[in-house]
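Chain by chain, the residues run as shown.
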Amino acid sequence: LLQEAETAYKGFKCDRAESVILRAKAALAATESGRPLRIEEEGYALRGNEILVECKFEAGKTAEVQSLLRENLTRKPTYALPSGSSPKLRRLLEEIRGKAVGIVSISSNASDAMVFLGGKEIGQAPLEAALPVGVAHLELRAKGYTSAQQDVSVTAGGKQSVNLRLTPTGRTVVVFTKQPDIEVYMDGELAGKTKVLPLAADVAGALKK
């Protein structure tokens, strides 16, 4: 559907492109109600709105252009228009961004914790993210820890820091081998690889015994 819309748009058939994109958006909305969109599906949603933005912009429908750009920023706070877009459109996007997002620095005691916004993964802590204005529901997950959640009030153009502490689910097991990068499995699942640790001579001797 997106390819069909691209072809219509490049052929200066905006009405046809809009009709096809609305069908594509309805299909994506139905998919998203059952599970989070995959990365490529998010890309389809963003690109579909970009084509609509170009069509609405050419037709002078500023309010609809603003709504579509705001939707893309909500989906992806770091969103940028494709190269070759109108300078006026770029300025409009930055104006909306200044009113629609705030910066939140997210950290955790678990170095490999993944950050989720509204159930959708957005990166790994520590992370500086541009989040939509309003209440952002953050969740951090890491293997071997219970997840941690927090609601954050995001203000337009604001900057704030959030630290979420995760609680270990059990005791830590350290496995020593003569060579590094040996795979370690727990209950049939890969738990990680061994590493060479800097040990004091007396500790190393005790471990060898």
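Preceding this section is the structure that the text describes.
Worth saying up front: this structure is predicted, and the values here are computed from it rather than measured. (Residues numbered from 1 in each chain as written. Predicted model: local features only at pLDDT ≥ 70, side-chain atom pairs only at ≥ 80, totals over all residues. Heavy atoms only, no water.)

(A) Examining the side chain of serine 85 more closely. Looking at the element boundaries, serine 85 is found in the loop between helix H4 (62-75) and helix H5 (87-100). Judged by its relative accessible area of 8%, serine 85 falls in the buried class. Only 2.8 Å separates the side chain of serine 85 from the backbone oxygen of proline 82, close enough to count as a polar contact. With residues near it in sequence (within four places) discarded, serine 85 still touches Glu54 and Arg90. (Helix = DSSP H or I, 4+ residues; strand = E, 2+ residues; numbered from the N terminus. Buried < 20%, exposed > 50% of the residue type's maximum accessible area, 1.4 Å probe, protein only. Polar contact = N/O pair within 3.5 Å; in protein donor to acceptor, adjacent residues only side chain to side chain. Contact = heavy atoms within 4.5 Å.)

(B) Main features of unusual backbone geometry. Here the residue pair alanine 125 and proline 126 is connected by a cis peptide bond, since its omega of -5° sits within 30 degrees of zero. Mapped onto the fold, proline 126 is located in the loop between strand S3 (120-124) and strand S4 (127-132). Although it is not a glycine, phenylalanine 12 sits at a positive phi angle of roughly 60°. In this model, aspartate 181 sits at a positive phi of 65°, which is unusual for a non-glycine residue. Position of aspartate 181 among the secondary structure elements: in the loop between strand S7 (159-164) and strand S8 (183-186).

(C) Focus on the packing of aromatic side chains. Considering all chains together, one arrives at 0 aromatic pairs under this definition. Across from the ring centre of phenylalanine 116, 3.8 Å away, lies the NZ or CZ of arginine 141, which sits over that ring. (Phe/Tyr/Trp six-rings, centres within 6.5 Å; stacked < 30°, edge-to-face > 60°. Lys NZ or Arg CZ within 6 Å of the ring centre and 35° of its normal.)

(D) Main features of the sheet that holds S7. Here 3 strands make up an open sheet; going across it, the order is S4-S1-S7 and the pairing mixed. Strands at the two margins of the open sheet, each flanked by one partner only, are S4 and S7. For this sheet, the mean inter-axis angle between neighbouring strands, taken without regard to orientation, is 30°. When strand S1 (residues 101-108) meets S7, the two strands line up parallel, connected through 6 bridges. Within S7, the residue paired with isoleucine 103 across the bridge is lysine 159. Packing against the sheet, H5 makes contact with S1 and S4, and its axis sits at approximately 55° to S1. (Pairing = 2+ DSSP bridges. Axes fitted to C-alpha atoms, helices over the stretch in contact; angles between N-to-C directions.)

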